[in-house]
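One-letter residues, chain by chain:
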Amino acid sequence: MSTSPAPDALLGPADIRELAAVLGVRPTKQRGQNFVIDANTVRRIVRTAEVRPDDVVLEVGPGLGSLTLALLETADRVTAVEIDDVLAGALPATIAARMPERADRFTLVHSDAMHVTELPGPAPTALVANLPYNVAVPVLLHMLETFPSIERTLVMVQSEVADRLAAGPGSKVYGVPSVKANWYAEVKRAGAIGRKVFWPAPNVDSGLVSLVRRAEPIRTTASRREVFAVVDAAFAQRRKTLRAALAGWAGSAARAEAALVAAGVSPQARGEALSVEEFTRIAEAAPDRETPDGSPSSPGSPKPVESPKSVGSPKRKDSE
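Residues numbered from 1 in each chain as written. Predicted model: local features only at pLDDT ≥ 70, side-chain atom pairs only at ≥ 80, totals over all residues. Heavy atoms only, no water.

Colleague: Even after reading the chapter, I still don't get the sheet that holds strand E2 (residues 56-60), so can you show me in this structure?
Modeller: Strand pairs in the sheet, formed through backbone hydrogen bonds, run parallel or antiparallel to each other. Here we have seven strands laid out as an open sheet, ordered E4-E3-E2-E5-E6-E9-E7, and mixed in their pairing. Single-partner strands in this sheet number two, and they are strand E4 (106-110) and strand E7 (185-193). For this sheet the average axis-to-axis angle between neighbouring strands, irrespective of direction, equals 20°. Taken together, the five bridges between strand E3 (residues 77-82) and E4 define a ladder with parallel strand orientation. In the sheet register, Thr 79 faces E4, and the bridge partner there is Thr 107. Sitting on the sheet, helix H2 (residues 39-48) touches strand E5 (126-130), strand E6 (152-158), E7 and strand E9 (206-213), and the angle it makes with E7 is about 155°. Each of E7 and E9 is contacted by helix H7 (residues 176-184), which is oriented at about 120° to E7, the strand it contacts most. (Pairing = 2+ DSSP bridges. Helix = DSSP H or I, 4+ residues; strand = E, 2+ residues; numbered from the N terminus. Axes fitted to C-alpha atoms, helices over the stretch in contact; angles between N-to-C directions. Contact = heavy atoms within 4.5 Å.)

Colleague: Explain the nonpolar core here, please?
Modeller: General note: in soluble globular proteins, nonpolar side chains tend to be found buried as a group. Of all hydrophobic cores here, the largest spans 60 residues; its most connected members are Leu 131, Met 143, Leu 211, Leu 246, Trp 249, Phe 279 and Ile 282. Setting aside its immediate chain neighbours within four residues, Phe 279 contacts Val 179, Val 227, Val 230, Val 231, Ala 234, Phe 235, Gly 271 and Leu 274. The next biggest cluster of nonpolar side chains, apart from the first, holds 40 residues, and it includes Phe 35, Val 57, Leu 154 and Val 204. (Core = buried A, V, L, I, M, F, W, Y, C linked by side-chain atoms within 4.5 Å. Buried < 20%, exposed > 50% of the residue type's maximum accessible area, 1.4 Å probe, protein only.)

Scope: geometric values only; no functional claims are made or implied.
Next comes the structure, spelled out in structure tokens:
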């Protein structure tokens, strides 16, 4: 006997509204809640994510379970992280009611995604999520850093944010999210999502972004924190030349210029022109940074510090 889910197992518009009414759920702008109400859209997301039968999928912000059910149709297991008390309490029952034959393949983690550092069960191999727009970039980067077993990622985010994540050097929207995402993965746009498939309909368009983790990490003696500190400094004053923008990071404009020259980067260039590999070389040439043999490279530079907020928290409007 087949154990495949029934054709009507996914949630439609009436199901979503009825479930929300029963739970007393009113989507909040504070948490960027826009629930997908179209079964074809969630199945399209699963196809685009190339979810396989042996995948352990991590989902962030499952909401009422639209995408969760579609993922369970295909993946071996799904682990969902939900911060909302009511939604987290209701989701296991929704899965059990609509897809009982797969309920034992679902695990809920009731937590803030930014605080999750470990997950129950097998390590995730894929991340697929409709990310709340107001925290999309920091959540994405946190998950990629915390769970190196994630090979493939497909996230739905605000279209403007999708453009930034997938942008390459030289683009007007290339910035901190672009470089940091590229540190971990090959990034590209993977489609657009209209407003009518959400409830409530957002006042912005959405886009899909595909991230395939690099087969080999970028070869460097600099740490991620050191590289990201250079990125943050370069884009904090993106209209300035790197010589000026990195003056605070290096200790002075002259020291910044010396590091740039040592890295083979023009001091007159701007951050938006540099690849992640070039940022890596600058980090390696940082003043006062210890070389692999333990000797300092040159005197007087402050240690780079990465603020959790530096990853960028794109808002529904007026993103960075």
